[in-house]
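A structural walkthrough
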Amino acid sequence: MEFIRIAALAEIPEGEVRAYDTPSGRVAIAHIEHRLFAFGDECTHSGCSLAEGKLDDRKATVECPCHASVFDVETGEPVEGPAADPLPVFVAREEGGWIEVTTEPAGEG
Ligand code: FES
């Protein structure tokens, strides 16, 4: 698995989510209780930015700002519609104060 460095850990306070451009598209990173979750930033319903939505750090879900679809940030699965398709998810890790994510979505090589 290949990782790329995309941001300093300090850029994403705990309980928040930010999106970054990567070679595999725009990826949102959620920081929840010392864990990092990386997923496609584009809602699978109509493409709104999930980083503009609401992160629930207790349930580890994000709510789309446009039509309130809710996704599990760990699996990418929609838990509430209208979105029906899952988000791509990536492996994220912290290395010496930096956030790194895989260049390919999990399960694709
Ligand atoms: S674009 Fe996200 S719910 Fe419609």
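Everything in this summary refers to the structure shown in the same document. Note that the structure is predicted; figures quoted are calculated from it, not measured.

**A look at the overall build of the protein chain**
Helix and strand content of the protein chain: 0 helices and 11 strands. In the protein chain, the order of α-helices and β-strands from amino to carboxyl end is β-β-β-β-β-β-β-β-β-β-β. For the protein chain, the C-alpha radius of gyration of 13 Å lies close to 13 Å, the compact-globule estimate for 109 residues. Principal-axis analysis of the C-alpha atoms gives the protein chain an extent of 40 × 30 × 20 Å. Here the analysis covers contacts within the protein chain between residues at least 6 apart in sequence; of these, 36% occur between residues at least 24 apart. Positive and negative side-chain charges in the protein chain, numbering 8 and 22 respectively, have mean positions lying 5 Å apart.

**Remarks on the nonpolar core**
Among the nonpolar cores identified, the biggest contains 20 residues, and Val-17, Phe-39, Leu-50, Leu-55, Val-62, Phe-71 and Val-73 are the most heavily contacted of them. Looking at this core, the elements with two or more residues in it are strand 2 (17-22), strand 3 (25-32) and strand 4 (35-40). Here this core gets 3 residues from one element, more than from any other, and that element is strand 3.

**Section: the sheet that holds strand 9 (residues 89-90)**
On the basis of which strands lie adjacent, the open sheet formed by 4 strands has the order 2-3-4-9 and antiparallel pairing. A strand with exactly one partner marks an edge of an open sheet, and here the two such strands are strand 2 and strand 9. Strand direction decides the pairing type here: strand 4 and strand 9, joined by 2 bridges, are antiparallel. Paired with Ala-38 across the bridge in strand 9 is Phe-90.

**Brief notes about the side chain of Thr-102**
In this structure, Thr-102 sits in strand 11 (residues 98-102). Residue Thr-102 is classed as buried on the basis of its relative accessible area, which comes to 3%. In terms of polar contacts, Thr-102 uses its side chain to reach the backbone carbonyl oxygen of Glu-104, at 3.1 Å. For Thr-102, the residues in contact, after removing those within four places along its chain, are Met-1, Glu-2, Phe-3, Phe-90 and Val-91.

**Overview of the pattern of salt bridges**
Within this structure, the stated rule accounts for 7 salt bridges. In this structure, Arg-26 and Asp-21 form a salt bridge, with 3.1 Å as the shortest nitrogen-oxygen distance. Its relative accessible area of 62% is what places Asp-21 among the exposed residues. Ionic pairing is found between Arg-26 and Asp-41, a salt bridge with its closest N-O pair at 3.8 Å. In this pair, Arg-26 is assigned in strand 3 and Asp-41 in the loop between strand 4 and strand 5 (54-56), connecting sequence segments 15 residues apart. Using a relative accessible area of 39% as the deciding quantity, one classes Arg-26 as partly exposed. Owing to a relative accessible area of 3%, Asp-41 belongs among the buried residues under this scheme. When salt bridges that share partners are traced, they join Arg-5, Arg-93 and Glu-100 into one network.

Scoring rules and cut-offs
- Residues numbered from 1 in each chain as written.
- Predicted model: local features only at pLDDT ≥ 70, side-chain atom pairs only at ≥ 80, totals over all residues.
- Heavy atoms only, no water.
- Helix = DSSP H or I, 4+ residues; strand = E, 2+ residues; numbered from the N terminus.
- Rg over C-alpha atoms; globule rule 2.2 N^0.38 Å.
- Contact = heavy atoms within 4.5 Å.
- Lys, Arg positive; Asp, Glu negative; His and termini not counted.
- Charge placed at Lys NZ, Arg CZ, Asp CG, Glu CD.
- Core = buried A, V, L, I, M, F, W, Y, C linked by side-chain atoms within 4.5 Å.
- Buried < 20%, exposed > 50% of the residue type's maximum accessible area, 1.4 Å probe, protein only.
- Pairing = 2+ DSSP bridges.
- Polar contact = N/O pair within 3.5 Å; in protein donor to acceptor, adjacent residues only side chain to side chain.
- Salt bridge = Lys/Arg side-chain N within 4 Å of Asp/Glu carboxyl O.

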